[in-house]
Amino acid sequence: MKYIVLKFGGTSLVSPELRERVAGKIIAAKDEGYVPVVVVSAIGREGDPYATDTLISLVKQTYHDLPAREMDMLMSCGEIISGVVMAATLQAMGYPAVFLTGAQAGIITDRNYSGARILQVQAKNVTRYTQEGYIVVVAGFQGTTEDGEITTLGRGGSDTTAAALGVALNAVYVDIYTDVDGIMTADPRIVAEAKALEVITYDEICHLAHEGAKVVHPRAVEIAMQKSIPLRVRSTFSDSPGTLVTNSGEVYKGTIDITKDRIVTGITYISGIAQFIVRIGATGEGLKQQRRMFRALALAGISIDFINILPEVVLFTVKDDVAEKAVKVLENTGYMSEVITGCAKVSAVGAGMSGVPGVIADIVEALTKDDIQILQCNDSHTTVWVLVRREEMEKAVRALHRQFKLDQ
Ligand code: ADP
Ligand code: MG
């Protein structure tokens, strides 16, 4: 069977008209000879009656100590509602459809509530129903432990459900339908001139997604990549072809070397970051202290990022919401730290920057021209990160987008 997995985000499902549009995309795939398997997110965004955030708000203020197990059961309801409604839409249009929860679709996870990892997909229910001619609609974002506990997969988890099903069914494509025209050179909410990319490699989108571009979940990309299942990110609201995510080998097969001729593919950002500057001794006792400091942070469960170690100063970042805790941990090990809260990490990602001289020069030029102070900078072969103040984040994203001519 030529399977295709179509995943629809919450904004694609908010009204009967939109759900009919979604059904149109599913039916079109069927007419093209594919066997569609549909994955849905909860309907709408925060404030909408059945959105995940709305369900959370039912208990959050009043019942602070709701166990994670019950919380996951509550959160899993949104996708059950939207899946049933989507199956109903297809049925009303004359297409036999069946809805499956994550558990019924065989999405087996670990027991890490609210952030469970998919361990296995037992797709026999999905294949049985599709063989009987049904369009199968699966609840995204949820799974079950081996002993039947309901789990959820964390923000963006429906993308992961879709990718995992795509791998299990050896799908021809996994299509992620959302409210933008594809993976864009930057978040269109910040950069009005951002353009949808035609093709991107798994590696590049993985980096973009990890660095904040939430258009597709990085875990979904990693799963699809394992079996080279092509992902397409497309818009529910238009008929544009969207972005094809594939491995570079396939891209290079074409006559035009699409990924190599661009140095930077996209600009992304993460806010809510605090920078720590810790002065240490350069030798003897100082080295020992350094060891103690990192160990203490690790033992306190504080994840650190953006680490620069120099002989007399250590720089790193933590999430804003654990900054206070980190200050205390450092104080207990005898350190005074300088902390700048309210920072943002802006990243330029591109497989083409590897070994190309002048990327940092371009970045420094773009930011300083706009009077943006660089608090810290780091790079790898596909990403350059700069830390800036949150107030300057949007300006920095736009400046880099312009500098690398991503609007052209
Ligand atoms: P869905 O509910 O469909 O899963 P998401 O909100 O998770 O939708 O993802 C789509 C959103 O991602 C877009 O509305 C856009 O604002 C944001 N986004 C951030 N960075 C990018 C990017 N580089 N390309 C496209 N969209 C992006
Ligand atoms: Mg999403």
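Residues numbered from 1 in each chain as written. Chains lettered and ligands numbered in written order. Predicted model: local features only at pLDDT ≥ 70, side-chain atom pairs only at ≥ 80, totals over all residues. Heavy atoms only, no water.

Identification of the protein chain as Aspartokinase from Desulfoscipio geothermicus DSM 3669 is taken from an unreviewed UniProt entry. In UniProt, the protein chain has this text filed under Catalytic activity (unreviewed entry): "L-aspartate + ATP = 4-phospho-L-aspartate + ADP". Under Sequence similarities (unreviewed entry), UniProt gives the following word-for-word description of the protein chain: "Belongs to the aspartokinase family." (UniProt positions renumbered as here; feature names shortened; annotations may be inferred.)

Comments concerning the sheet that holds strand S1 (residues 3-8)
Spatially, the eight strands line up as an open sheet ordered S3-S6-S2-S1-S9-S11-S12-S10, and their pairing is mixed. Either end of the sheet is taken by a strand with one partner, and the two such strands are strand S3 (97-100) and strand S10 (199-201). On average, each strand axis in the sheet is tilted by 20 degrees relative to the strand beside it, whichever way the strands run. Relative to strand S2 (residues 35-40), S1 runs parallel, the two sharing six bridges. When the sheet's bridge partners are listed, Tyr3 is paired in S2 with Val35. Those strands touched by helix H4 (residues 77-92) are S2, S3 and strand S6 (135-139), and its axis lies near 175 degrees from that of S3. (Pairing = 2+ DSSP bridges. Helix = DSSP H or I, 4+ residues; strand = E, 2+ residues; numbered from the N terminus. Axes fitted to C-alpha atoms, helices over the stretch in contact; angles between N-to-C directions. Contact = heavy atoms within 4.5 Å.)

Description of the environment of Arg279
Among the secondary structure elements, Arg279 is positioned in strand S13 (residues 266-279). Placed 58 residues apart in sequence, Arg279 and Ser337 show a C-alpha to C-alpha distance of 7.3 Å. If we ignore the near neighbours within four places in the chain, the residues touching Arg279 are Glu312, Val313, Tyr335 and Glu338. Looking at Arg279, its side chain comes within polar contact range of the side chain of Glu338, at 3.0 Å. (Polar contact = N/O pair within 3.5 Å; in protein donor to acceptor, adjacent residues only side chain to side chain.)

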